[in-house]
Amino acid sequence: MRKHKNEDFNYALFGNPIHHSQSPQIHNFFAKQTKILHIYKAINIPLNQFSLLVNYFFENNIQGANVTSPFKKEAYFLSNKLSKRAQIAKSVNTLKKIDNKCILGDNTDGVGLLSDLNRLKFIKKNFSILILGAGGAVQGVLLSILSLGCSVYILNRTVSNAISVVNQFKQYGNIKIFEKNDLKNNFFDLVINGLSRNVQYKNNLIPLSLLSSKTFFYDMNYGLENTPFLNWCMKINAKYVADGIGMLVFQAAHSFLEWHGILPKTDYIIDILNKN
Ligand SMILES: NC(=O)c1ccc[n+]([C@@H]2O[C@H](COP(=O)([O-])OP(=O)(O)OC[C@H]3O[C@@H](n4cnc5c(N)ncnc54)[C@H](OP(=O)(O)O)[C@@H]3O)[C@@H](O)[C@H]2O)c1
């Protein structure tokens, strides 16, 4: 195994790829704001070495870590204990060292997304919501959205993955596979994109008859340039559109809370990142 010099950081992000991630910048803001010794580094993990490397880091200096695509499911299986929300999501984005024998798995994606949708005023109780995707991120956010009493429709490339997500969450609220005849004479209030960043969107992705000028569009992806989903939103002249930078900041703040017991301030960080 290639040796990593990890004496100089105590928190990390594990993913592949991670070069686009703004999490280290966000955690630096939190560390400065709270004056807590919190040195956070993004680490690209080779696809077949997740548990080997994570165990290695946790046996050394690492006290906690975030986990991103494609390892959230592996993180779920690696955790020795789970928070209730991670248990339900079957997906973990936050790891915390309890002691040398125990790693706690949590999931802060749901509270992160909901906090940002509330900040943007993009969500209300009982909304009809179309969610694109059925991966770890979507599993992480569904409990929060269903808890609001919203009706959720899942559209995913691999239908069997969508069916499995619907079966996983149907006891928590109104969720089904999207079919073109859904919402007859009605519109989606909100469309959330939870697909991988580089997926290209065809014009006929969602029947335009199911969208209105009041529909909100939220991309969990983010980046310096517009994401492909946001470009698609522009093409269809969507009015209310946001990327996932706010979600990223809020989920990071809730991971910080899990690790240090303090919820850092977030609004000024979202403003700074939006201006970059
Ligand atoms: N802003 C935030 O804080 C935040 C938080 C979490 C995640 N995210 C972002 O959300 C995205 C998804 O993350 P994840 O953890 O859910 O990833 P994941 O578990 O790997 O899931 C990927 C999803 O994308 C679909 N997909 C992948 N390639 C595709 C293609 N070529 N065509 C159509 N569909 C495709 C997959 O469909 P199949 O089931 O068919 O494979 C699956 O639904 C990532 O880009 C991540 O950065 C952002």
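Here the structure is a predicted model, which is why all the values come from computation and not from measurement.

### Description of the sheet that holds strand β8 (residues 151–155)
Moving on, step 1. One open sheet accounts for six strands, arranged β9-β8-β7-β10-β11-β12; its pairing is parallel. Both outer strands of the open sheet, β9 (174–177) and β12 (240–242), are each paired with one neighbouring strand and no more. Taken over all neighbouring pairs, the strand axes of this sheet differ in orientation by 15 degrees on average, direction set aside.
Moving on, step 2. Across the sheet, helix α5 (residues 109–120) touches β10 (190–193), β11 (216–219) and β12, and the angle it forms with β11 is around 140 degrees.
Moving on, step 3. Helix α7 (residues 159–169) contacts β8 and β9 of the sheet and is inclined by roughly 165 degrees relative to β9.

### Considerations on the packing of aromatic side chains
Moving on, step 1. Counted according to the given criterion, the structure contains 18 aromatic pairs.
Moving on, step 2. Geometrically, the ring pair formed by Phe29 and Tyr268 is edge-to-face, given 6.3 Å between the ring centres and 80 degrees between the ring planes. Of the two residues, Phe29 sits in helix α1 (residues 23–34) while Tyr268 sits in helix α10 (residues 267–275), which places them 239 residues apart along the sequence.
Moving on, step 3. By relative accessible area, which is 33% here, Tyr268 ends up partly exposed.
Moving on, step 4. Aromatic side chains Phe50 and Phe71 sit 4.8 Å apart centroid to centroid with 20 degrees between the ring planes, which places their arrangement in the stacked category. With a gap of 21 residues between them, Phe50 in helix α2 (residues 50–59) and Phe71 in the loop between β3 (64–67) and α3 (72–78) connect regions that are remote in the sequence.
Moving on, step 5. Here the aromatic cluster, defined as three or more aromatic residues joined through ring pairs, consists of Phe9, Phe14, Tyr56 and Phe57.
Moving on, step 6. Geometry around Tyr76 places Lys73 over its ring, the cationic atom sitting 5.8 Å from the centre.

### Observations regarding the UniProt feature "binding site: shikimate" (unreviewed entry) in the chain
Moving on, step 1. When the UniProt feature table is mapped onto this chain numbering, "binding site: shikimate" (unreviewed entry) sits at Ser21, Gln22, Ser23, Thr68, Asn93, Asp109, Tyr222 and Gln251.
Moving on, step 2. Tracing the backbone shows Asp109 in helix α5.
Moving on, step 3. Under the relative-accessibility criterion, Asp109 is labelled buried at 4%.
Moving on, step 4. Residues in contact with Asp109, not counting those within four places in the same chain, are Lys72, Asn93, Ala137, Gly140, Val141, Met247 and Gln251.
Moving on, step 5. One polar contact links Asp109 to Lys72, side chain to side chain, over a distance of 2.7 Å.
Moving on, step 6. As for its position among the elements, Gln251 is in helix α9 (residues 245–260).
Moving on, step 7. Setting aside anything within four residues of it in sequence, one finds Gln251 in contact with Asn66, Asn93, Thr108, Asp109 and Gly112.

### Digging into the UniProt feature "active site" (unreviewed entry) in the chain
Moving on, step 1. This chain's UniProt record puts "active site" (unreviewed entry) on Lys72.
Moving on, step 2. As for its placement among the helices and strands, Lys72 is situated in helix α3.
Moving on, step 3. The contacts of Lys72, once residues within four sequence positions are left out, are Val67, Ser91, Val92, Asn93, Asp109, Gly136 and Ala137.

### Considering the nonpolar core
Moving on, step 1. Within the largest apolar cluster, 30 residues are counted, with the highest numbers of intra-cluster contacts made by Ile154, Ile192 and Tyr218.
Moving on, step 2. Counting residues per element, the ones that place at least two in this core are α5, β7 (128–132), α6 (136–147), β8, α7, β10 and β11.
Moving on, step 3. The biggest single contributor to this core is α6, with five residues.
Moving on, step 4. For Ile154, the residues in contact, after removing those within four places along its chain, are Ile131, Gly133, Ala134, Val138, Leu142, Ala162, Val165, Val166, Ile175, Lys176, Ile177 and Phe178.

The rules behind the values
- Residues numbered from 1 in each chain as written.
- Predicted model: local features only at pLDDT ≥ 70, side-chain atom pairs only at ≥ 80, totals over all residues.
- Heavy atoms only, no water.
- Pairing = 2+ DSSP bridges.
- Helix = DSSP H or I, 4+ residues; strand = E, 2+ residues; numbered from the N terminus.
- Axes fitted to C-alpha atoms, helices over the stretch in contact; angles between N-to-C directions.
- Contact = heavy atoms within 4.5 Å.
- Phe/Tyr/Trp six-rings, centres within 6.5 Å; stacked < 30°, edge-to-face > 60°.
- Buried < 20%, exposed > 50% of the residue type's maximum accessible area, 1.4 Å probe, protein only.
- Lys NZ or Arg CZ within 6 Å of the ring centre and 35° of its normal.
- UniProt positions renumbered as here; feature names shortened; annotations may be inferred.
- Polar contact = N/O pair within 3.5 Å; in protein donor to acceptor, adjacent residues only side chain to side chain.
- Core = buried A, V, L, I, M, F, W, Y, C linked by side-chain atoms within 4.5 Å.

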